[in-house]
Amino acid sequence: MIKELTKAEEQVMLILWEMEEALVKDVIEKMNEPKPAYNTVSTVIRVLESKGFVDHKAIGNTYIYFPIIKEADYKRFALDKVMNNYFENSYESLVSFLVKDKNMSNDELNEIIQLAEKLKKDK
């Protein structure tokens, strides 16, 4: 079962998904300024391991970390949570919100409709 990530955990996971595997220092390099301390990132990665998101392989004293939960699986989990908590599991409510509150243009709305129709056909 996938668990929700904190902001710090999500930031590290986005980097690991992009890099596919990394040392702690590689993760820190990819982070925005001000960069967190090595121990902070190392702790976040160990928590991600305990949550089942990350594993490692040891090469000597060095650990190389890699994701074991796919980014697509977490996206699906996160979207399901947003849909359930904020849009009563209604895609109509989501699109209505995007159009009204986020000032979606007609072109953007038509793109979504075309994409939805294409995805339906491809099922």
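Residues numbered from 1 in each chain as written. Predicted model: local features only at pLDDT ≥ 70, side-chain atom pairs only at ≥ 80, totals over all residues. Heavy atoms only, no water.

- The name given to the protein in an unreviewed UniProt entry is BlaI/MecI/CopY family transcriptional regulator, with the source organism recorded as Pedobacter rhodius.
- Of the comments in the UniProt record for the protein, the one headed Sequence similarities (unreviewed entry) reads "Belongs to the BlaI transcriptional regulatory family." (UniProt positions renumbered as here; feature names shortened; annotations may be inferred.)

**Some details on the nonpolar core**
- Grouped together as the largest cluster of nonpolar side chains are 21 residues, with contacts concentrated most on Val27 and Phe53.
- When residues of this core are traced back to their parent elements, those giving at least two are helix H1 (7-19), helix H2 (24-30) and helix H3 (38-50).
- Sort the elements by how many residues they give to this core and H1 lands first, with 5 residues.
- Once you skip the residues sitting within four places of it in the chain, Val27 turns out to touch Val12, Ile15, Leu16, Ala22, Val41 and Ile45. (Core = buried A, V, L, I, M, F, W, Y, C linked by side-chain atoms within 4.5 Å. Buried < 20%, exposed > 50% of the residue type's maximum accessible area, 1.4 Å probe, protein only. Helix = DSSP H or I, 4+ residues; strand = E, 2+ residues; numbered from the N terminus. Contact = heavy atoms within 4.5 Å.)

**Section: the confidence of the model for the protein**
- Across the protein, the average pLDDT comes to 91, with 99% of residues at 70 or higher.
- Across the protein, the secondary-structure element scoring lowest on mean pLDDT is helix H6 (residues 106-122), at 82, and the one scoring highest is H2, at 98. (pLDDT = per-residue confidence, 0-100.)

**Looking at the side chain of Glu9**
- Relative to the assigned elements, Glu9 resides in helix H1.
- Judged by relative accessible area, which is 6%, Glu9 ranks as buried.
- Apart from the residues within four sequence positions on either side, Glu9 is in contact with Glu4, Val44, Val47, Leu48 and Lys51.

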